[in-house]
Structure formats: structure tokens, C-alpha cells
Amino acid sequence: MIHLLFMLVSAEMALVLILLFNNPLRNLVIKVLNKMKEGKGPVISKTVAATLFVVFISITYSAVEIQKRLWEGGVLNSTDELLMANRILEASLMGFALFLALVTNRLVYSIEKPPTTKGTELKK
């Protein structure tokens, strides 16, 4: 699962970098993302995000349970240490993936909607 999460975070970081700089690929990516917002796309993306969030909470809870064993017993064995490191890595990668999805969404929104100020209204 960690390999999949690393690929997801890497792909999302590449997508954010493409959106940050004005290039021909940026327009194509924006068109593809706008097509995904049509039809069943928003429902699917919200379902995937909610599933990732629930798994993120579950992994965080299991890491807290392992940490409680340390507080109660005073010593962790090597298996618990390995599980704790694995859970923390999975939780951080899922958190990064969810954060980068939000950043991507906001970048597309800010690229499509130019900023307006009070002084830019047309005078009739």
C-alpha cells in the first residue's frame, strides 16, 4: 500500500507543478479536470476522498493504540516499533495525498476565476 501511496503523492505533486506554471500542458490538464467535474465524476471523487479519510483515521487510531501500549508497559518490542513506523508512514502519505487533492482543486478554481476587485467594475 505504501508504494501506491508514494505513486499517488508523486502524481499529485507533478499535477500541482504543471498547474503552477503556464505551459501548453496546463491547458490540457485543466480541460481534463473540468471534464471530470461533469456527470458522475464529483460523486466518485468525493467517495474516494471519504474512503481515504476513513482509512487515514483508522491508521491513526491504530498508531495511537500502539503508543498507548508504550505508555502502559514502558517498553515496545521490535514488532510494535515496526508497526508504528509503518502506520505513521501510511498516515502521513494519506494526509499528503488528501492535502494535495485540495491544493489541486483550489489551483484549478483560481486559474479559471480571475481575481476581481472593487475598482475593476465597468462604468456605464
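As shown above, the structure is provided for reference.
In this report, the structure presented in the accompanying data block is examined. (Residues numbered from 1 in each chain as written. Predicted model: local features only at pLDDT ≥ 70, side-chain atom pairs only at ≥ 80, totals over all residues. Heavy atoms only, no water.)

1. Focus on the nonpolar core
This is how it is decided: What makes a nonpolar core is a set of buried Ala, Val, Leu, Ile, Met, Phe, Trp, Tyr and Cys residues whose side-chain atoms join them at distances within 4.5 Å. For every residue, the accessible area (1.4 Å probe, protein chains only) is compared with the maximum for its type, and the residue is labelled buried under 20%, exposed over 50%, or partly exposed between those bounds. By definition, any uninterrupted DSSP run of H or I lasting at least four residues is a helix, any uninterrupted run of E lasting at least two residues is a strand, and each is numbered from the N terminus. Contacts are assigned to residue pairs with any non-hydrogen atoms lying within 4.5 Å of each other.
Judged by nonpolar contacts, the single largest core of 18 residues is most densely connected at V9, L19, L33, L93 and M94. It is helix α4 (residues 78–112) that provides the largest number of residues to this core, a total of 8 residues. Ignoring any residue separated from it by four or fewer positions in sequence, one finds M94 in contact with M1, L5, L52, V55, F56 and I59.

2. Focus: helix α3 (residues 41–73)
Convention followed: In this analysis, the expected span of each helix is defined as 1.5 Å times one less than the number of residues it contains.
Across its 33 residues, α3 extends 48 Å between first and last C-alpha, which sits within 8% of the 48 Å expected from 1.5 Å per residue. Here the buried face of α3 lies against α1 (2–20) and α4. Looking one or two residues past α3, G74 carries a phi angle of roughly 90 degrees, positive in sign.

3. A look at the side chain of T104
Examined against the element boundaries, T104 turns out to sit in helix α4. If we skip the residues at most four places from it in the chain, T104 touches L15, V16, L19 and L33.

4. Description of a nonpolar patch on the surface
Rules: For patch building, the residue pool is restricted to those with more than 30% relative accessible area and no salt bridge; the joining distance is 9 Å between like charges and 5 Å between nonpolar side chains (Val, Leu, Ile, Met, Phe, Trp, Tyr). All accessible areas in this document rest on Shrake-Rupley with a 1.4 Å probe, and a residue is counted as covered only by the protein chains that are shown. By definition here, a salt bridge exists when the distance from a side-chain nitrogen of Lys or Arg to a carboxyl oxygen of Asp or Glu is within 4 Å.
The grouping of L25, L28, V32 and M36 at the surface amounts to a nonpolar patch, some 370 Å² of accessible area in total. Relative to the elements of secondary structure, V32 occurs in helix α2 (residues 24–36). Residue classification places V32 among the partly exposed positions, given a relative accessible area of 45%.

5. Focus: the side chain of R26
So the rule is basically this: Lys and Arg are tallied as positive, Asp and Glu as negative. Neither His nor the chain termini are counted.
Note that R26 resides in helix α2. For the buried R26, which has no salt bridge, the nearest side chain bearing the opposite charge is E112, at an N-O separation of 10 Å. In contact with R26, other than residues within four places in its own chain, are I18, L19, L20, F21 and I111.

6. Re the packing of α2 against α4
Spelled out, the test is: To get an axis, fit a line to the C-alpha atoms, keeping to the stretch in contact for a helix; angles then go from 0 to 180 degrees between the N-to-C directions. Any angle from 65 to 115 degrees is called roughly perpendicular, while one under 35 is roughly parallel, one over 145 is roughly antiparallel, and all others are oblique. All residues other than Ala, Val, Leu, Ile, Met, Phe, Trp, Tyr, Cys, Pro, Asp, Glu, Lys and Arg, Gly among them, are scored as polar; the first ten of these are nonpolar and the last four charged.
Between α2 and α4, the least distance of the axes is 11 Å, while the angle of their chain directions is 110 degrees. When the interaxial angle is binned, α2 and α4 end up roughly perpendicular. From α2, R26, I30, L33 and N34 reach across to α4, where they touch T104, V108, I111 and E112. Here the contact of α2 with α4 is composed, by residue class, of 4 nonpolar, 2 polar and 2 charged.

7. Focus: the pattern of salt bridges
Under the defined criterion, the tally for this structure stands at 3 salt bridges. For K68, the salt bridge identified is with E65, shortest N-O distance 3.6 Å. Of this pair, K68 and E65 both sit in helix α3, 3 residues apart, roughly one helical turn. For K68, a relative accessible area of 37% corresponds to the partly exposed category. The exposure class of E65 is partly exposed, given its relative accessible area of 28%.

8. Description of the packing of aromatic side chains
Condition: Stacked, tilted and edge-to-face are the three classes assigned to paired rings of Phe, Tyr and Trp, where Trp is represented by its six-membered ring and a pair needs centres within 6.5 Å; plane angles under 30 degrees give stacked, over 60 edge-to-face, the rest tilted. Working rule: Lys NZ or Arg CZ, within 6 Å of ring centre, within 35 degrees of ring normal, means a charge sits over the ring.
Evaluated as defined, the whole model comprises 1 aromatic pair. Of note, R106 hangs over the ring of Y109, and the distance from its end group to the ring centre comes to 4.6 Å.

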